[in-house]
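So the chains spell out like this:
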Amino acid sequence: MIIEFKVKNFRSIKDEQVLSFEASKDKEYEDYYVTKIGKYRLLKMAMIYGANASGKSNVLDALHLLRILAIGRRDSDARIYTEPFKFCKSTGKSNTELTLIFFAKKDEEYVKYKYQLIVNKKSIIEEKLEYYPSIQPALVFHRRQNLENERGFDLKIPTTLQLKISDREVIEANTLHNTSIVSVLKKVNPLFPALKTAYAYLKDNLNPIINENSSIRTYSTDFFLDNKDQKELLLSFLQKADFNISDIVIEAIEEDVPAEFLEFLKQQVENKEKLPSKMSTYKRTLIHEIENDLVENVETSLDFDEESLGTQKMFDLAGPFLEAIKKDRILYIDELESSLHFELQKYLILVFLHNAKDTQFFFTTHNLMLLDWDEVRNDTVFFTDKRRDGSTELYSLADFKGTKRSKVLKKYMAGNYGATPDIYDFYIDGLCKG
């Protein structure tokens, strides 16, 4: 579980901003919202509000970038997709800094880790991993860029970890200037338990971001087809959302690869004989059971594209959402409310809070009705505000002491918390007829 995530000099984020999941002293809905690990009380859910272009999505994108760098492999000439804060000369030439502090499970015991990355578009400048066998941190490794070194970096690994010389050489040989030490485990397998535990968490527990570009329909389809239990789980999930769905039928269909795409592939690969001539797609059909005046129960099938955007969105979310709960995976979604009614958003939140234990769900949203929902804790609400210099400030509703739930929406609309569009002049030159 994430304790906190820090980001500095990434897109609209200039100064270091912190998304903390440590719960406040508030005990309301404690059993649903809070997971206790040692002295820590960690929130299972968070939501981020703010005006358009205030930096909400950038917070999630920064975490996604950390995940990609931690577990992904890339060619030596591949760039790192980071952009520094551009409205300031000093930051425009500075590096992006990312820090994730989290608990990872090892043999049913929680181990606290701190993972730090300093990067620019071309290289990883610094990378550091620590764990906490006690109150004080212990170093796993520390890598710093050093262009005078043949490898391009210096690597410090404590002798107390008893890493074999041969394993260290494997790590160094497979680490490029733009790849992380952690990601090397995808290619090699040195006997390095402390690093393995962190890698397993970042790979298996930290999901990719879900946004408008995510291919989660395929994810949910695979989840549905994987086994009978998961099919019934997904079906039950949709039925409880009140879609009158009695069954889902998914058929694999083999089609010819489009000629234009095949021609493109021929230009990209050397061995043209192994190019596929066929491609598999899926036909998804949802069976609805309804009542009419003539017959009590009538089943009608609809192709997936005939369904409402809300039904399609719920199916798309079902796979990653249910798997996150089952396998304790961190789930973060940009603009949860897209195509979803308020009641469906509440449904997702309540399903998560009632069933999840050792994982977290957080999202950006513009849905103000959630602010007025009395089953939301103040410490789960975060705001992003755009400062006068164009940079993002991230802060919690819990920072405003004595705020009653019944007054939150009213105060937010009045501008008491910031994080709202600053629009007061509605006359457009050349348009006004008055």
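Reading guide: rules and limits
Residues numbered from 1 in each chain as written. Predicted model: local features only at pLDDT ≥ 70, side-chain atom pairs only at ≥ 80, totals over all residues. Heavy atoms only, no water. Helix = DSSP H or I, 4+ residues; strand = E, 2+ residues; numbered from the N terminus. Rg over C-alpha atoms; globule rule 2.2 N^0.38 Å. Contact = heavy atoms within 4.5 Å. Areas by Shrake-Rupley, 256 points an atom, 1.4 Å probe, with all protein chains shown as cover. Lys, Arg positive; Asp, Glu negative; His and termini not counted. Charge placed at Lys NZ, Arg CZ, Asp CG, Glu CD. Axes fitted to C-alpha atoms, helices over the stretch in contact; angles between N-to-C directions. Parallel < 35°, antiparallel > 145°, perpendicular 65-115°, else oblique. Left-handed = near helix turned anticlockwise from the far one by under 90°. Nonpolar A, V, L, I, M, F, W, Y, C, P; charged D, E, K, R; others polar. Pairing = 2+ DSSP bridges. Patch = residues over 30% accessible without salt bridge, like charges linked within 9 Å, V, L, I, M, F, W, Y side chains within 5 Å. Salt bridge = Lys/Arg side-chain N within 4 Å of Asp/Glu carboxyl O. Buried < 20%, exposed > 50% of the residue type's maximum accessible area, 1.4 Å probe, protein only. Polar contact = N/O pair within 3.5 Å; in protein donor to acceptor, adjacent residues only side chain to side chain. Arc of directions from axis to C-beta.

K.L.:
Where do I start with the overall build of the chain in this structure?
P.N.:
The number of helices and strands found in the chain is eleven helices and 17 strands. Taken against the 2.2 N^0.38 rule, which gives 22 Å for 434 residues, the C-alpha radius of gyration of the chain at 24 Å falls within 12% of a compact globule. Referenced to the eigenvectors of the C-alpha coordinate spread, the extents of the chain come out at roughly 80 × 65 × 60 Å. Nonlocal contacts in the chain, meaning residues at least 24 apart in sequence, comprise 61% of its contacts between residues at least 6 apart. When the accessible area of the chain is evaluated, it comes to approximately 23,300 Å², of which 48% is carbon and sulfur surface. In the chain, 62 side chains carry a positive charge and 69 a negative one; their mean positions are 8 Å apart.

K.L.:
What is the right way to look at the packing of helix α7 (residues 228–240) against helix α10 (residues 342–355) in this model?
P.N.:
Packed helices, taken two at a time, are described by the angle their axes make and the gap between the axes. As a packed pair, α7 and α10 sit with axes 11 Å apart at the nearest point and diverge in direction by 135 degrees. Regarding the angle of α7 to α10, the classification is oblique. As for the relative orientation of α7 and α10, their crossing is right-handed in sense. Mapping the contact onto sequence places Ser236, Phe237 and Lys240 in α7 and Tyr347, Leu348 and Val351 in α10. Residue composition of the contact of α7 with α10, grouped by class: four nonpolar, one polar and one charged.

K.L.:
Mind showing me how you'd approach the sheet that holds strand β11 (residues 245–256) here?
P.N.:
Pairing between the strands of a sheet is mediated by backbone hydrogen bonds and can be parallel or antiparallel. Across the sheet, which stays open at both edges, the three strands sit in the order β11-β12-β13 with antiparallel pairing between neighbours. Each edge of the open sheet is held by one strand with a lone partner, namely β11 and β13 (298–303). Taking the axes of each pair of neighbouring strands and ignoring which way they run, one obtains an average angle of 25 degrees across the sheet.

K.L.:
Teacher, can you tell me more about a positive patch on the surface here?
P.N.:
On the surface, a cluster of positive charge is made up of Lys404, Lys407, Lys410 and Lys411. Residue position: lysine 407 is located in the loop between β17 (392–396) and α11 (408–413). A relative accessible area of 42% places lysine 407 in the partly exposed class.

K.L.:
So what exactly am I meant to see when it comes to the side chain of threonine 179 here?
P.N.:
Tracing the chain through its elements places threonine 179 in the loop between α4 (165–174) and α5 (193–204). In contact with threonine 179, not counting residues within four places along its chain, are Arg73, Arg74, Ile124, Arg143 and Asn174.

K.L.:
Would you mind showing me how to read the environment of asparagine 227 here?
P.N.:
Tracing the backbone through its elements, the reader meets asparagine 227 in the loop between α6 (216–226) and α7. At a separation of 3.1 Å, a polar atom in the side chain of asparagine 227 contacts the main-chain amide nitrogen of aspartate 229.

K.L.:
Would you explain α6 in this entry?
P.N.:
Two residues of an α-helix separated by three or four positions point the same way, owing to the 3.6 residues in each turn. Restricting attention to buried positions, one finds in α6 the residues Ile216, Ser220, Thr221, Phe223 and Phe224. Each buried residue of α6 sits inside an arc of 160 degrees when the element is viewed along its axis, so together they form one side. Packed against the buried residues of α6 are α7, β11, β12 (278–290) and α9 (309–327).

K.L.:
For this particular structure, what's the right way to read unusual backbone geometry?
P.N.:
Unlike most non-glycine residues, asparagine 244 shows phi in positive territory, near 55 degrees. Checked against the element boundaries, asparagine 244 lands in the loop between α7 and β11. Exposure remark for asparagine 244: the relative accessible area of 45% places this residue in the partly exposed category. Its identity as a non-glycine residue notwithstanding, aspartate 328 has a phi of 55 degrees, on the positive side. You can see aspartate 328 is positioned in the loop between α9 and β14 (331–333).

K.L.:
Would you mind showing me how to read the pattern of salt bridges here?
P.N.:
Where charged atoms from two side chains of opposite charge approach closely, those side chains can pair. Throughout the structure, instances matching the rule amount to 23 salt bridges. Here lysine 86 ties to glutamate 83 by a salt bridge, and the two come within 3.5 Å at their closest N and O atoms. The exposure class assigned to glutamate 83 is partly exposed, which follows from its relative accessible area of 22%. When the shortest N-O distance is used, the salt bridge between arginine 144 and glutamate 126 registers 3.6 Å. With arginine 144 in strand β9 (residues 138–145) and glutamate 126 in strand β8 (residues 124–132), this pair connects stretches of sequence that are 18 residues apart. For arginine 144, a relative accessible area of 47% gives the class partly exposed. Given the relative accessible area of 22%, glutamate 126 is considered partly exposed. One network of salt bridges, in which partners are shared, links Glu30, Arg41, Arg377 and Asp379.

K.L.:
Would you mind showing me how to read the packing of α6 against α7 here?
P.N.:
The interhelical angle for the contact between α6 and α7, taken along N-to-C directions, is 125 degrees, at an axis separation of 5 Å. Between α6 and α7, the crossing angle belongs to the class labelled oblique. Touching Ser220, Phe223, Phe224 and Asp226 of α6 are Gln230, Lys231, Leu233 and Leu234, all from α7. Counted by class, the contact of α6 with α7 contains four nonpolar, two polar and two charged residues.

K.L.:
Is there a simple way to explain the sheet that holds strand β16 (residues 381–386) in this structure?
P.N.:
Judged by pairing direction, the sheet is mixed, and its five strands sit side by side in the order β14-β15-β5-β16-β17 without closing on themselves. Two strands lie at the open edges of the sheet, namely β14 and β17, each paired on one side alone. Averaged over all neighbouring strand pairs, the angle between strand axes comes to 15 degrees, with direction disregarded. As judged from the three bridges shared by β14 and strand β15 (residues 361–364), these two strands associate in the parallel manner. Paired with leucine 331 across the two strands is phenylalanine 361, which belongs to β15.

These figures come from the coordinates and say nothing about function on their own.
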